[in-house]
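# Summary of structural features
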Amino acid sequence: EDNDQEATNRGQDGGIETTARVHPGPRRATSLTHMPAVGIVVYGGRVRAAGGWEYPTEIYSFSYESDVVEDIRAQRSWSIVGMNSAASGEQDAMSLAGRAYHTLVRMNSNTDALVFGGLACRKEICRDSESGYSNDLILLNFTANSWTLLTSDADSPGPIQRPTPRARHVCAPVSKVATVQHLVSADMICFGGEDSDGNVLNKLWSTSEKAVGTATS
């Protein structure tokens, strides 16, 4: 279906219809969170393509102007959030990279979100052997519409512990009222997943927007 033409779309699972000129197409292994400033945010995933998989790099937001469920259909709107590199000030979608089986977690600030790990692809189309397991930690700021790579596997390890590259893990935000030792300064905790050798992982990690990682179990 041509995204340049206004159309009404309903997912095969019978979800809410969305009438918009821009919308994310069907995909698997994507991520979703809610950012008060822009609405529901969808990032990444992968789509079957000839010769491999396509890893979309766009960040989509779905906003509505009503708290009443019955009114959502009249106020629905998809849009693409243009994210610029905080380092260069220029939009660089391929450096942000498409990814799947990653996590997207809203921070307590309500303006920032952290992306962690997943299968990353820096080409238009990736075969399974060309997408790599990642331990990238990326800060998305929805006020400045910017992204910042906080850590990656290419960084010098130094004194900071980092989770190994992984996919299919789970992450969640940590409330600032938490009193559990090792978590009071954390913004996010992550658990499990699998690595590039197929090992299933069971460590619990905490991290923050300052990119300090700590294995807690």
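Summary of the structure given here.

The rules behind the values
By convention here, each chain's residues receive numbers from 1 onward along its written sequence. Restriction of local features to residues with pLDDT of at least 70 applies here, the model being predicted, together with a cutoff of 80 or more for giving and counting side-chain atom pairs; totals for whole chains, interfaces and linings are based on all residues. Remark: hydrogens and water are excluded; side-chain values derive from all non-hydrogen atoms of the structure. Only a pair of cysteine sulfur atoms within 2.5 Å qualifies as a disulfide here. Numbered from the N terminus, helices here are DSSP runs of H or I no shorter than four residues, and strands are runs of E no shorter than two. With a 1.4 Å probe rolled over the protein chains alone, any residue whose accessible area is under 20% of its type maximum counts as buried; one over 50% counts as exposed, and the rest are partly exposed. For two strands to be treated as a pair, DSSP must find no fewer than two bridges joining them. Fitting a line to C-alpha atoms yields each axis, with helices limited to the stretch in contact; the angle taken between N-to-C directions then spans 0 to 180 degrees.

Once that is clear, we can look at the state of the cysteines. Counting across every chain of the model gives two disulfides. Put simply, Cys171 and Cys190 are joined by a disulfide, and their sulfur atoms are 2.0 Å apart. Here the S-S torsion is close to 105°, and the disulfide linking Cys171 with Cys190 is therefore right-handed. On the criterion of sequence distance, the pair formed by Cys171 in strand S15 (residues 170-173) and Cys190 in strand S16 (residues 188-191) is long-range, its members being 19 residues apart. Owing to a relative accessible area of 18%, Cys171 belongs among the buried residues under this scheme. Taking relative accessible area as the criterion, Cys190 reaches 8% and is therefore assigned buried. Each disulfide of the protein joins two cysteines, and with those cysteines numbered along the sequence the arrangement is 1-2, 3-4.

What follows concerns the sheet that holds strand S8 (residues 77-80). The strand order S3-S4-S7-S8 describes an open sheet built from four strands, whose pairing is antiparallel. Of all strands in the sheet, those with a lone pairing partner are strand S3 (31-35) and S8, marking the two edges. Within the sheet, the average angular offset between the axes of one strand and its neighbour, ignoring direction, is 25°. Where strand S7 (residues 59-63) lies against S8, four bridges are found, and the strand directions are antiparallel.

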